[in-house]
Amino acid sequence: MLNSLFVLLAAILWGMTGTAQTYLDEEVSPIAVATIRSAIGGSFLRWSWKWTILAAASIAFFQGLFFSSIRLTGIAIGTVATIGSAPVFSGVLEWLVWKTRPTAVWGLATLMAIIGCLLLFMNNGEESVHVGGFTLALCAGLSFAFYTNISKKLMAQEEALPAVAMTFSICALFLLPFSIQGGFSWLVNAHNLWTMLFMGIMCTSVAYFLFLRGLQKISSSTAVTLSLAEPLTAAILGVFLIGEHLSIVSWLGVAMLLGGIVVLTLGGRKKLKP
């Protein structure tokens, strides 16, 4: 139960990233945001030089794709498409990498959560969906699924604290060449700096530390499904802080998401027979 709580808290913190990004100046590059976030997130924790290249590359792709999708298709849709697709990708990868079939409880909870995501997605109303942004979001979901499965292997050898430090410090180095063109002078602006410090410390250092701690005791597929608390958080923050409107159908989606999370957290882990 405690490990699931760690992952849920991490997802809630991640759910704040899209909203936090809206407080930055509009001309700030999404890749620059991912770079600074990773640099802050890695530097506030201990360092270790173990193998994390694959994890760092996966999370670098995830952040660049995720923040870019949000710019093109909006906070709610970008977040829902990214995190909503990740459990499916993760379940398939876990089956391929770990030779572990998903549990019946995971299947039910994930189905409920994905239906909830789709209902929440309908909040888009008459606005057109940016196909490119939606595609980037799906690619981000796949990248996050890769990161989670790779991190599961990493956590078998490393503690969560240095693992986060390693991954995000290397991730920042990967992203730096793609973000340096626009420069970082925008950090001189106080509200940009404080926004990035919040995203780097709370939404990265603390969130991923909690996520990896939980990942030590639960499966990758379970962890990613619990991460669906992220679009739930993003949607609620969008309503109360950004002024976005949720229809009755979308609120039903919120209820389905919550239901899926409750089922997965309390329903046990009985595995399906091969």
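Up top is the structure these notes are about.
Let me sum up the structure you'll find in this document. The shown structure was predicted, so the numbers you read here are calculated from the model rather than taken from an experiment.

This paragraph deals with the overall build of the protein. Summing up its helical and strand segments, the protein has 12 helices and 0 strands in all. Traced from its N-terminal end to its C-terminal end, the protein shows the element sequence α-α-α-α-α-α-α-α-α-α-α-α. With the C-alpha coordinates aligned to their principal axes, the bounding extent of the protein is approximately 55 × 50 × 30 Å. Burial analysis of the protein (274 residues in total) assigns 55% to the buried set. Accessible surface, the protein: about 12,200 Å² in total, of which carbon and sulfur atoms supply 72%. Of the side-chain charges in the protein, 14 are positive and 10 negative, and the distance between the mean point of each set is 24 Å.

Residue placement: Ser 90 occurs in helix α5 (residues 75–98). Not counting chain neighbours up to four residues away, the residues in contact with Ser 90 comprise Ala 145, Asn 149, Ser 220, Ser 221 and Val 224.

Before going further, it helps to spend a moment on helix α11 (residues 229–242). Taking 1.5 Å per residue, 14 residues should reach 20 Å; α11 reaches 18 Å between its end C-alpha atoms and fits that length. Turning to α11, its buried residues number three or more, namely Ala 229, Glu 230, Pro 231, Leu 232, Thr 233, Ala 234, Ala 235, Leu 237 and Gly 238. Where α11 terminates, the next one or two residues include Gly 243, which has phi positive at roughly 90 degrees.

For any pair of aromatic rings, the description rests on two quantities: the centre-to-centre distance and the angle between the ring planes. Using the criterion set out here, one finds 10 aromatic pairs in the structure. Between the aromatic rings of Phe 66 and Phe 67, the centroid separation amounts to 5.5 Å while the plane-to-plane angle is 50 degrees, which identifies the pairing as tilted. By relative accessible area, Phe 66 is classed as buried at 1%. The rings of Trp 14, Phe 62, Phe 66, Phe 67, Phe 144, Tyr 147, Phe 168, Tyr 208 and Phe 211 are connected pair by pair, giving a single aromatic cluster.

Attention now goes to the nonpolar core. Core analysis: the biggest nonpolar cluster contains 73 residues, and Phe 144, Tyr 147, Met 196, Tyr 208, Phe 211 and Leu 212 have the highest contact counts within it. Here this core gets 9 residues from one element, more than from any other, and that element is helix α4 (residues 53–73). Not counting the four nearest positions on each side in its chain, Phe 144 is found in contact with Trp 14, Phe 62, Ala 86, Tyr 208, Phe 211, Val 224 and Ser 227.

A few words on the environment of Leu 161. Mapping Leu 161 onto the fold places it in helix α8 (residues 160–179). Residue Leu 161 is classed as partly exposed on the basis of its relative accessible area of 26%. For the pair Leu 161 and Phe 209, spaced 48 residues apart in the sequence, the C-alpha separation amounts to 6.0 Å.

Take a nonpolar patch on the surface next. A contiguous nonpolar patch, built from Tyr 23, Ile 236, Phe 240, Leu 241, Ile 242 and Trp 251 and spanning about 590 Å² of accessible area, is present on the exposed surface. A total of 4 residues in the nonpolar patch trace back to one element, the largest contributor, which is α11.

For the rest of this paragraph, the subject is the packing of helix α1 (residues 2–14) against helix α9 (residues 190–215). Two numbers describe how α1 lies on α9: the axes approach to 7 Å, and their chain directions differ by 155 degrees. Judged by the angle between their axes, α1 and α9 are roughly antiparallel. In this structure, α1 crosses over α9, and the sense of that crossing is left-handed. Two secondary-structure elements touch here, α1 through Asn 3, Phe 6, Val 7, Leu 9, Ala 10, Leu 13 and Trp 14 and α9 through Met 202, Cys 203, Val 206, Ala 207, Tyr 208, Leu 210, Phe 211, Arg 213, Gly 214 and Leu 215. Among the residues forming the contact of α1 with α9, the class breakdown is 14 nonpolar, 2 polar and 1 charged.

You can see Asp 25 is positioned in the loop between α2 (17–21) and α3 (30–43). In sequence terms Asp 25 and Asn 189 are 164 residues apart; their C-alpha atoms lie 9.0 Å from each other. Aside from chain neighbours lying at most four places away, what touches Asp 25 is Arg 71, Asn 189, His 191 and Asn 192.

Attention now moves to the state of the cysteines. Tallying each qualifying case throughout the model produces 0 disulfides. Take Cys 117: it sits in no disulfide, and the sulfur closest to it among the cysteines is that of Cys 139, at 17 Å. Exposure remark for Cys 117: the relative accessible area of 3% places this residue in the buried category. In this structure Cys 203 is not part of a disulfide, and its nearest cysteine sulfur, from Cys 171, lies 15 Å away.

Quick notes on the rules
- Each residue is numbered by its place in its chain's sequence as written, counting from 1.
- Totals for whole chains, interfaces and linings use all residues, but because this is a predicted model, local features are given only for residues with pLDDT of at least 70 and pairs of side-chain atoms are given and counted only at 80 or more.
- In computing side-chain properties, one takes all heavy atoms of the structure into account and sets aside hydrogens as well as water.
- Numbering goes from the N terminus for both helices and strands, where a helix is a DSSP run of H or I of at least four residues and a strand is a run of E of at least two.
- Three exposure classes are used, based on accessible area relative to the maximum for each residue type with a 1.4 Å probe and protein chains only: buried under 20%, partly exposed in between, and exposed over 50%.
- Calculation of accessible area relied on Shrake-Rupley with a 1.4 Å probe; when residues are assessed, cover is drawn exclusively from the protein chains displayed.
- For this count, His and the chain ends are skipped, Lys and Arg are scored as positive, and Asp and Glu as negative.
- Where a charge sits is defined by one atom per residue type, namely NZ (Lys), CZ (Arg), CG (Asp) or CD (Glu).
- The contact criterion used is simple: two residues touch if any of their non-hydrogen atoms lie within 4.5 Å.
- Helices are assigned an expected span. That span is 1.5 Å times one less than the residue count.
- Stacked, edge-to-face and tilted labels apply to pairs of Phe, Tyr and Trp rings (six-membered ring for Trp) whose centres lie within 6.5 Å, assigned for plane angles under 30 degrees, over 60, and everything in between, in that order.
- Nine residue types can take part in a nonpolar core, namely buried Ala, Val, Leu, Ile, Met, Phe, Trp, Tyr and Cys, and a core is a set of them joined through side-chain atoms within 4.5 Å.
- Only residues whose relative accessible area exceeds 30% and that take part in no salt bridge are eligible for patches, with like-charged residues grouped when within 9 Å of each other and nonpolar side chains (Val, Leu, Ile, Met, Phe, Trp, Tyr) grouped when within 5 Å.
- Salt-bridge detection follows one rule: a side-chain nitrogen of Lys or Arg within 4 Å of a carboxyl oxygen of Asp or Glu.
- Here, axes are lines fitted to C-alpha atoms. For helices the fit covers the stretch in contact, and angles between N-to-C directions go from 0 to 180 degrees.
- Small angles under 35 degrees read as roughly parallel and large ones over 145 as roughly antiparallel, with 65 to 115 read as roughly perpendicular and the rest as oblique.
- Here a crossing is taken to be left-handed if its near helix is turned anticlockwise relative to the far helix by less than a right angle, and right-handed if that turn runs clockwise.
- In this count, Pro and Cys sit with the nonpolar residues alongside Ala, Val, Leu, Ile, Met, Phe, Trp and Tyr, while Asp, Glu, Lys and Arg are called charged and the others, Gly among them, polar.
- When the sulfur atoms of two cysteines come within 2.5 Å, that pair is taken as a disulfide.

Read these as spatial facts, not as claims about activity.
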